[in-house]
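Here is how the chains run, residue by residue.
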Amino acid sequence: DECVWCTEGAAQGWLGASGFEVDDRGFLLVDEFLQSTNTQDVFAAGDIAHIKGHPRPKAGVFAVMAGMPLFLNLKKRLEGLKLDGATDRYVPQTSFLGLIGTGDGGCVASKGRMALEGNYLWELKDWIDRKWMQVYSEGLPDMDAMLSSGGGAGLSPVAASSGPEALKALEATPMRCGGCGAKVGATTLSRVMGQVGGLVVRRPEVLLGLDSPDDAAVVALPWPKGASSSSQGNPGFVSVHTVDFFRAFVEDPFVFGKVAAVHALSDCHAMGCPAVTALAIVVLPFGLEAKVGDALLQLMSGACEALREDGCALVGGHTCEGAEMSLGFAINGVAPRGSARDSEGGGESGGDESGGERSSAAAQGCLGKGGMRAGEVLVLTKPLGTGVLFAARMRNKTKGRWIMAALQSMQQSNKKASEVCRSYGASACTDVTGFGLLGHLAEMCKASGSGGSGVAARVELDAVPLMDGARECVEQGIFSSLQPENVRLRYAVGSDGGRRGDPAYALLFDPQTSGGLLVSVPAAKAEAMVADLRSQGYRQAQIIGAVTPPLDDQRLRASGACIAIE
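Let us look at the structure shown here. (Residues numbered from 1 in each chain as written. Predicted model: local features only at pLDDT ≥ 70, side-chain atom pairs only at ≥ 80, totals over all residues. Heavy atoms only, no water.)

1. Some details on the packing of aromatic side chains
How two aromatic rings sit relative to each other is set out by the distance from centre to centre and by the angle between their planes.
Moving on, step 1. The final tally for this structure, using the stated rule, is six aromatic pairs.
Moving on, step 2. Between phenylalanine 246 and phenylalanine 256, the aromatic rings sit 6.0 Å apart at their centres with planes inclined by 50°, giving tilted as the arrangement. Here the residue phenylalanine 246 occupies a position in strand β8 (residues 237–247), and phenylalanine 256 occupies one in helix α8 (residues 253–270), the gap between them amounting to ten residues. An identical accessibility class is assigned to phenylalanine 246 and phenylalanine 256; each is buried.
Moving on, step 3. Ring geometry for phenylalanine 249 against phenylalanine 390: centres 5.0 Å apart, planes inclined by 80°, an arrangement best described as edge-to-face. Highlighted residues: phenylalanine 249 in the loop between β8 and α8 and phenylalanine 390 in helix α10 (residues 386–394), separated in sequence by 141 residues. You'll find phenylalanine 249 and phenylalanine 390 in the same group, each marked buried.
Moving on, step 4. In this structure an aromatic cluster arises from ring pairing among Phe246, Phe249, Phe256 and Phe390.
Moving on, step 5. Positioned above the aromatic ring of phenylalanine 27 is the side chain of lysine 58, whose terminal nitrogen or guanidinium carbon lies 4.1 Å from the ring centre. (Phe/Tyr/Trp six-rings, centres within 6.5 Å; stacked < 30°, edge-to-face > 60°. Helix = DSSP H or I, 4+ residues; strand = E, 2+ residues; numbered from the N terminus. Buried < 20%, exposed > 50% of the residue type's maximum accessible area, 1.4 Å probe, protein only. Lys NZ or Arg CZ within 6 Å of the ring centre and 35° of its normal.)

This is the structure in structure tokens:
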């Protein structure tokens, strides 16, 4: 036998304890305007409320039907208008149609004392449910179109009444992305850091820092007390420091925690250095103590799983309350100084060729953005598309399998990829994150070459791996909120090969969260390295282009152009 036990809803005690007038069962008492009977600025509908004089069972249909009156009355209240007894009162219906599927293609319908059963009723239920879900998917208004209509014409009276300054900010601000799509743009960042550069303390222990930025800072470890000293610290080892932090872009705290940790660790992997310790920076929305604790547990469980996989110890951190869940890590690594690539066939691209020992990642025992040489091949270990996919997800324009595949890629550590690339003599490496593939490639070109003269790169657009659904999102005109800032880096493109209208071209600027590694490797070893990467689980690792001498056109080179698209 099977038993179904149905119970009614119960009110939470905090309603009455907060001073609101409640009914004899503890539900918030509201009038026919859905307004609290003793607190005018509080409105309620659904299971939490009881409309005075109109007792009804706790059923979803009453909450749904009260939605529009609640919206209209809240709107009037916000506009400072008086609620009118003739037009704004809401009296709920007395009965409703209930449809319950039996699981075998049949359905039971009930209304009042009437009950029916039949397969045809399931078709009715299915049609009603699909129509309902359509309203909350394809049927939603286009917020971008409303904001871009100009002058507040497409906005509600409530938003329009906020004034011209607020309207201007709304029109200039699209739906904001989380993850690495929430970065400050590269041009803004460079300008501001240039302005504050004179305030930064210079220390001899800093071997790679703001003067020669890379994926991580490199600092000399000091000599033990009493030992002979050097102006640049202990010559045996260097410490590697990096930090990443962003707000949540997915609702599951465990998944977000793991992605955030994998993303933060990637800077060390790009430098070819093991991550040793991590400090966490956590922001959690205010809430009940039990809920906050559960969110923190899930968040840090996901993060610790990623840190454990990489052998990185969590040694502390800091938490605080904020508007949105956010997470970041300060990662510390270590590397033996000076012999990173000599035994791997990396040659002499570090040291003096990159502008002196202090400005060369290779001279400090690390891979770095500089070091690419003409004739080498460019390899990308993960596909592009996280920015557009999660921007589209906020608009409910993605398919579930697209997002699941993207999250799987974002939870995949770059540690093994880094080890594979170093074993094949990679000369330069960076992780592709917020500034997009093109922005990070431009940094590599600029940092490489004899005497810091730079090199150029050729990208085969059709070879660049893309995530499922990324191209479709671009074709719908959906981009990350960081895309316009990243597109400012298009000056680095000396030739677009007539491909500017291709969706794949736009994805070169797409900001990536927990993206793959972009690696320069000797051409003779590239195919074998890609095969090895794929065997290690990086199934879409791909040769995407080559390193070339600087562009012949002096005018283009002077403007910063260093990339040709084919």
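2. Side note on the nonpolar core
Moving on, step 1. Judged by nonpolar contacts, the single largest core of 87 residues is most densely connected at Phe329 and Leu508.
Moving on, step 2. With nine residues, the top contributor of residues to this core is α8.
Moving on, step 3. For leucine 508, the contacting residues outside a window of four places in its chain are Leu384, Gly436, Leu437, Leu438, Leu461, Val464 and Ile565.
Moving on, step 4. With 20 residues, the next largest nonpolar core counts Leu367, Val377, Leu517 and Tyr538 among its residues. (Core = buried A, V, L, I, M, F, W, Y, C linked by side-chain atoms within 4.5 Å. Contact = heavy atoms within 4.5 Å.)

3. Some words on the pattern of salt bridges
Moving on, step 1. The full count for this structure, using the stated rule, is 20 salt bridges.
Moving on, step 2. Between glutamate 443 and lysine 369 there is a salt bridge, with its nearest N and O atoms 2.8 Å apart. In this pair, glutamate 443 sits in helix α13 (residues 436–447) while lysine 369 sits in the loop between β11 (326–336) and β12 (377–380), placing the two residues 74 residues apart along the sequence.
Moving on, step 3. A relative accessible area of 27% means that glutamate 443 is categorised as partly exposed.
Moving on, step 4. With a closest N to O distance of 3.1 Å, arginine 373 and glutamate 376 form a salt bridge.
Moving on, step 5. Look at arginine 373 and you get partly exposed, because its relative accessible area is 26%. (Salt bridge = Lys/Arg side-chain N within 4 Å of Asp/Glu carboxyl O.)

4. Here's the deal with the pairing of strand β3 (residues 98–101)
Moving on, step 1. One ladder, built from four bridges, connects β3 with strand β4 (residues 107–111); its direction is antiparallel. In the strand pairing of β4, isoleucine 100 is matched with valine 108.
Moving on, step 2. Two successive antiparallel strands, β3 and β4, enclose a turn made up of five residues, where glycine 103 displays a positive phi of approximately 90°. (Pairing = 2+ DSSP bridges.)

5. Comments concerning the sheet that holds β4
Moving on, step 1. Strand order in the open sheet formed by three strands is β3-β4-β5, with antiparallel pairing between adjacent strands. Each edge of the open sheet carries a strand with a single partner, namely β3 and β5 (114–118). Strand-to-strand, the axes of this sheet are offset by a mean angle of 15°, without reference to chain direction.
Moving on, step 2. By the bridge criterion, five bridges tie β4 to β5 in an arrangement that is antiparallel. Bridge pairing links valine 108 to glutamate 117 in β5.
Moving on, step 3. Where helix α3 (residues 119–135) meets the sheet, it contacts β3, β4 and β5, and its direction lies at approximately 100° from that of β5. (Axes fitted to C-alpha atoms, helices over the stretch in contact; angles between N-to-C directions.)

6. Considerations on the layout of surface pockets
Moving on, step 1. As a volume, the second largest pocket reaches approximately 720 Å³.
Moving on, step 2. Along the wall of the second largest pocket there are 17 residues; nearest its centre are Val61, Val64, Ile128, Asp129 and Trp132.
Moving on, step 3. Elements with a contribution of two residues or more to the lining of the second largest pocket: α2 (60–78), β3 and α3.
Moving on, step 4. The leading source of residues in the lining of the second largest pocket is α3, at seven residues.
Moving on, step 5. Grouping the constituent residues of the lining of the second largest pocket by class yields twelve nonpolar, two polar and three charged. (1 Å grid on protein atoms, 1.4 Å probe; cavity = no way out; pocket = protein on both sides within 12 Å on 5 of 7 lines; lining within 4 Å. Points joined across faces, edges and corners; volume = space filled by probe spheres on them. Nonpolar A, V, L, I, M, F, W, Y, C, P; charged D, E, K, R; others polar.)

7. Some points on the environment of glutamate 475
Moving on, step 1. Within the fold, glutamate 475 resides in helix α14 (residues 470–475).
Moving on, step 2. Classification of glutamate 475 as exposed rests on a relative accessible area of 54%.

8. Re empty space enclosed by the protein
Moving on, step 1. Summed over the entire model, instances satisfying the criterion amount to one cavity of 30 Å³ or more.
Moving on, step 2. Estimates place the volume of the largest cavity at around 200 Å³.
Moving on, step 3. Every element with two or more residues in the lining of the largest cavity is listed here: β2 (49–51) and α2.
Moving on, step 4. Among the residues forming the lining of the largest cavity, the class breakdown is twelve nonpolar, three polar and three charged.

9. As for the side chain of threonine 381
Moving on, step 1. Relative to the assigned elements, threonine 381 resides in the loop between β12 and α10.
Moving on, step 2. Looking at threonine 381, the relative accessible area reads 1%, which means it is buried.
Moving on, step 3. Within polar-contact distance, the side chain of threonine 381 engages the backbone nitrogen of leucine 517 at 2.8 Å.
Moving on, step 4. When neighbours within four sequence positions are excluded, threonine 381 is seen to be in contact with Asn414, Ala417, Gly516, Leu517, Leu533, Tyr538, Gln540 and Ala541. (Polar contact = N/O pair within 3.5 Å; in protein donor to acceptor, adjacent residues only side chain to side chain.)

Honestly, that's just the spatial picture; any functional story needs more than this.
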